[in-house]
Amino acid sequence: MTRLGRLLGCCALALFLIVLFAPPAFADNLADEADLQFQLGAEAYQKGEFKAALEHFLASNRLVPNRNVLFNIARTYEELRLAPDAYRYYVDALSGETRDAQRQRIEDALRRVAPMVAVLKVTTDPPGATVYLDRKDLGPRGNTPANLGLTTGKHRVIVELSGYETATQENVETVVGKEQRVDLKLIAILGTVHVEGEDGATVKIDTADSPVVGTIPCALQVKPGRHTLIVEKAGYAEQDVPIDVPPRGELTARAHLSAQTGAVVVNTDIRDALITIDDQPSGFTPAVLAVPIGTHKLRVTLSGFRPIEQTIEVTKGGQVKLDLTLSTLEEVTAASRYTESIEDAPASVTIISQQELRAMNYPTIAEAIRGVRGIYLSNDTSYDTVGVRGFSHLGDYGNRILVLVDGHPTNDDYIFSSYVGFDGRTDIDDIERIEIIRGPGSVLYGTSAFFGVINLVTRSREMPTHAEAAVSAVGNGVGRGRITGYWRISKDAGAWTSVAAAHGAGRDYFFPEMRTGSNVPSNTGANACQPAGTDYSGLPCDGVARGVDGFNSFTVNGRVWWKSLTLQWFLTTRRKFLPAGEYGTTFNDPNTFFTDTRGFLEARFEPNITKTTQLFFRAHADMYNFDDYLGYPTVQQDPTSQGPEVDTFRGRWGGLEARVQYSSDKLRLMAGGTGIYHFQTLQMGQNQVQPVLFDNNGNPGRSDPFGVAAGFVNADIVPTKAIKVSAGARFDYYSSIVDPQFLDAFNPRVAVIFKPTPNDAIKLIGGKAFRAPSVYELYYQAPQQFRAGTVCLASDPTRNGKAVCDLSPEQVGSGELEYSHRFSSTVTGLVTGYANYVSNLIELINVPDPAGGQEKNEYHNSSNPVFVVGAEAELRREWRQGWMLSGSVTFSRAGYITSVDEGGGKSHQCIGVFQTCGGLGEVPNSPLVLAAIKGA
């Protein structure tokens, strides 16, 4: 093309551009100036004076920005062979262009220029950031996403966006003819807002339709600046909380919601039931409560009654009215080692509820269980002893009844005695309920759970923090005081402890045997009240014991817990002064006493591994101390006497127990084991002259440590709602038993429970229990008593070919049929029949001295079993409107079983229940009829 042709082409193009891209007219001076600059630029462009044209186009765009002028600037740069600048302005001209033809022309220009530039594309997340190259003072190069035309080289890319950290990328290398990308993620500059107020309220920011960003209490990360927190909670009016968030700073915003409420009226047939709404205590019945609108979980509880749970819907200004009837909840733990209703328990059970304990104000366990069907008491002025269903062997001190505190045995390890009077605890104000489980309990607890188990359930974890102090007088000159503190640390943690002390002045007794001139049996020993004798004060004996029946007792117990971990402690001591001249001691001696001290420390861990599996671990340390002073005449007063005697016993033992339980709707399995070691069983006796108790080597005093190991398993099967089958067995090993027999220590129990209607329950129960011989029975010896097994009587029967010299465990087999019926929510009735077969009874008998001396006493297993049959009936009106009434009657016959010789080599088994057997009389201390009426 000739020079003239090129010139004409440029002129034609310039004319086209002037016409096509001329800026619009503006009716002000600024627009006129911009238009003038554009015209001057076009004229310079037509003349080929491109630098001058560029100067005028830039001035026009600076005065009035216009993308048409941007295109002219880009085209002029292209003519000046400044491809990077031309590329940049073509990109600016394309931005926001909506006309298709113009967009096509600009895109063609970009493709034409691109091979002559290095293209740098900068994007950010989020977009809209200002782009700088190399230095900020060179000015911005556009906003992201940005397409920059550059020359070959290395650059520093800097991007800034309000509210975000400045982002930089170093050493970005650009090459002509190539495209380079830089993608930067911007980090927001935030402040922290701590939101406080109603727990569970939700928080939104700025608009009601924005998503929930937190639940109070919460900490939110928010962009700096002014915002509005929108706080909402069901049942409350929405609140807007304005905030001004400093960059990288913190502030606290508090929302105070106003509840929108309705009324909830709750009434129960028994006052003072606790109302909780959404697990928060809200009041006691009867009550009118203002409750936030919405759906809530309401729960009504009262100790001794089944909890009632309902879901309620509260509307603004509305009223929900509830009239509720509480049903008695008689739950028992000790029957199966888990909590169940007494109708489902595989035993005949009585519960003494908290209401009865508080209303009757029973001073001791013995008084609380007095009048319970089948239970009776004996007292020899030293100890209270419990008898069950026609059997309470004289001198056993309740060692065939196991007394528990929250499942921990409290019988001693000397005679296995149970303690149910002030010797058991100074008061029972820390007891929430007493569970009496009749029948063999060795399947769960081993020895001494022979005729039954008494379990004391202590204070609940649900009690609020409080303190108690009490002073009381309970009859027979007994006064006592107690202080209790209860701390509810959290929902899952707490502690309580109680300290109590008592003093009893006792009463006066008249003992006709203790009158001067009376026929005192010779086996009472030296007694100042034998014929022509005087009592301790030197006066002639008139048989009246005056002022010598007092006692002092002290108890401390408590518990601390956190979730599944529990630590429990118990210590009680009682000194009882003896009024009856026991063991031939001087009558009316005020110094004669017994002191019993029993204590334990126990740690339990009961985690729920799954919804169906629970573990139980228990470690314990126990102690028992016995001390006495037996006031025999001094040597100076009576040359035949050896003076006062002091006896002591120190028992120390510890053990571990573990069990696992699986539970489902149809099946409950439990298996476990325990190991206990009695590492000290120290017996000592000393009178004014010499020791009276020796070991096998003739040394004063003796300790005979022994160990116990046991394993048990129990299964409860519920094939239907109407039928439950419970079966279990336990085996115990005692190292103290010389000739252990498997069947002696193997104790099964089977129960079938049939509930034909919701108000009826029929139980068929059979089981076996044992009592191991105690340390006292095995090893005690004195001038008047041999150690067990010292003398083998020729008349003793044989057992497995071996003479009965060493003691074997006592055995009892039991069967029972019980029917109970609930006449209404408050009235229940029950009848039951039972039979017990007791064998190997350990008894103290007179035996000849092998050395030819006077007869002495010795423990041995009786060859005459005892058979007991009986029946019970009970009718009870449970606590309602503050009163209850119950009545019960028990018939029982106990008799010996022995072989009666008919002559001619014939014999038959005689049961003393029905006739006299071989000269054996009735079983001592076995009442034929027990009857009781209770009301409060």
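Being a predicted model, the structure only gives us computed values, none of them experimental.

Peer 1: For this particular structure, what's the right way to read the overall build of the chain?
Peer 2: Counting its secondary structure elements, the chain contains 11 helices and 56 strands. The C-alpha radius of gyration computed for the chain amounts to 48 Å, which surpasses the reference 30 Å derived for 936 residues by more than 25%, pointing to a less compact arrangement than a globule. Projected onto its principal axes, the C-alpha positions of the chain cover 165 × 65 × 60 Å. Buried positions account for 50% of the 936 residues belonging to the chain.

Peer 1: Even after reading the chapter, I still don't get the nonpolar core, so can you show me in this structure?
Peer 2: The tendency in soluble globular proteins is for nonpolar side chains to be buried as a group. If you look at the biggest cluster of nonpolar residues, it comprises 37 residues, and the most contacted ones within it are Ile352, Ile369, Ile434, Ile454 and Val866. Per element, the largest residue contribution to this core is 4 residues, and it comes from helix α8 (residues 365–369). Residues contacting valine 866, with those up to four places away along its chain left out, are Phe391, Asn836, Tyr837, Val838, Leu841, Ala894, Gly895, Tyr896 and Val923. Formed by 31 residues, the second largest nonpolar core is a distinct cluster that contains Tyr383, Tyr397, Phe416 and Phe706.

Peer 1: Help me out: how do you make sense of the side chain of threonine 826 in this one?
Peer 2: Counting through the fold element by element, threonine 826 comes out in the loop between β49 (810–822) and β50 (827–839). Residues contacting threonine 826, with those up to four places away along its chain left out, are Arg876, Arg877, Glu878 and Arg880.

Peer 1: Even after reading the chapter, I still don't get the environment of histidine 408, so can you show me in this structure?
Peer 2: Inspection of the secondary structure assignment puts histidine 408 in strand β28 (residues 408–409). Judged by relative accessible area, histidine 408 falls into the buried class, the value being 2%. C-alpha separation for the pair histidine 408 and glutamate 602, spaced 194 residues apart in sequence, amounts to 8.3 Å. When near neighbours in sequence (up to four residues on either side) are disregarded, histidine 408 contacts Val403, Arg598, Phe600, Glu602, Arg618, His620 and Asp622. At 2.8 Å, the side chain of histidine 408 and the side chain of aspartate 622 are in polar contact.

Peer 1: Before we go on, may I ask you to explain helix α3 (residues 50–63) in this structure?
Peer 2: One full turn of an α-helix is made of 3.6 residues, so residues set three or four places apart face in the same direction. Here α3 spans 20 Å end to end across 14 residues, near enough to the 20 Å set by a 1.5 Å rise per residue. Listing the buried residues of α3 in full gives Phe50, Ala53, Leu54, Phe57, Ala59, Ser60 and Asn61. At its buried positions, α3 is contacted by α2 (29–46) and α4 (67–79).

Peer 1: Where do I start with the sheet that holds β28 in this structure?
Peer 2: Hydrogen bonding along the main chain pairs the strands of a sheet, whether they run parallel or antiparallel. Strand order in the open sheet formed by 5 strands is β24-β29-β30-β27-β28, and the pairing between neighbours is mixed. Sheet topology places β24 (348–352) and β28 at the edges, where each strand pairs with a single neighbour.

Peer 1: When you look at the pattern of salt bridges in this model, what are you seeing that I'm missing?
Peer 2: When charged atoms on two side chains of opposite charge get close, those side chains can pair. This model, assessed by the stated rule, comprises 52 salt bridges. One salt bridge in this structure joins glutamate 179 and lysine 121, with 3.3 Å as the shortest N-O distance. Remark: lysine 121 occurs in strand β1 (residues 118–125) and glutamate 179 occurs in strand β7 (residues 179–185); sequence separation between them is 58 residues. With a relative accessible area of 46%, glutamate 179 lands in the partly exposed category. Lysine 121 gets classed as partly exposed once you look at its relative accessible area, which sits at 22%.

Peer 1: Can you walk me through empty space enclosed by the protein in this structure?
Peer 2: Any empty space left between the atoms is revealed when a probe the size of a water molecule rolls over them. Scanning the entire structure with this criterion turns up 14 cavities of 30 Å³ or more. By volume, the largest cavity amounts to about 430 Å³. Around the largest cavity, the lining is made up of 28 residues, and of these Pro409, Tyr445, Thr447, Trp653 and Ile676 lie nearest the centre. Residue assignment for the lining of the largest cavity shows that the elements contributing at least two residues are β28, α9 (442–445), β39 (613–630), β40 (645–663), β41 (667–687), β43 (706–720) and β44 (723–734). When the residues that make up the lining of the largest cavity are grouped by side-chain class, the tally is 10 nonpolar, 9 polar and 9 charged.

Scoring rules and cut-offs
- Residues numbered from 1 in each chain as written.
- Predicted model: local features only at pLDDT ≥ 70, side-chain atom pairs only at ≥ 80, totals over all residues.
- Heavy atoms only, no water.
- Helix = DSSP H or I, 4+ residues; strand = E, 2+ residues; numbered from the N terminus.
- Rg over C-alpha atoms; globule rule 2.2 N^0.38 Å.
- Buried < 20%, exposed > 50% of the residue type's maximum accessible area, 1.4 Å probe, protein only.
- Core = buried A, V, L, I, M, F, W, Y, C linked by side-chain atoms within 4.5 Å.
- Contact = heavy atoms within 4.5 Å.
- Polar contact = N/O pair within 3.5 Å; in protein donor to acceptor, adjacent residues only side chain to side chain.
- Expected span 1.5 Å × (residues − 1).
- Pairing = 2+ DSSP bridges.
- Salt bridge = Lys/Arg side-chain N within 4 Å of Asp/Glu carboxyl O.
- 1 Å grid on protein atoms, 1.4 Å probe; cavity = no way out; pocket = protein on both sides within 12 Å on 5 of 7 lines; lining within 4 Å.
- Points joined across faces, edges and corners; volume = space filled by probe spheres on them.
- Nonpolar A, V, L, I, M, F, W, Y, C, P; charged D, E, K, R; others polar.

Any functional reading would require information that these geometric values do not contain.
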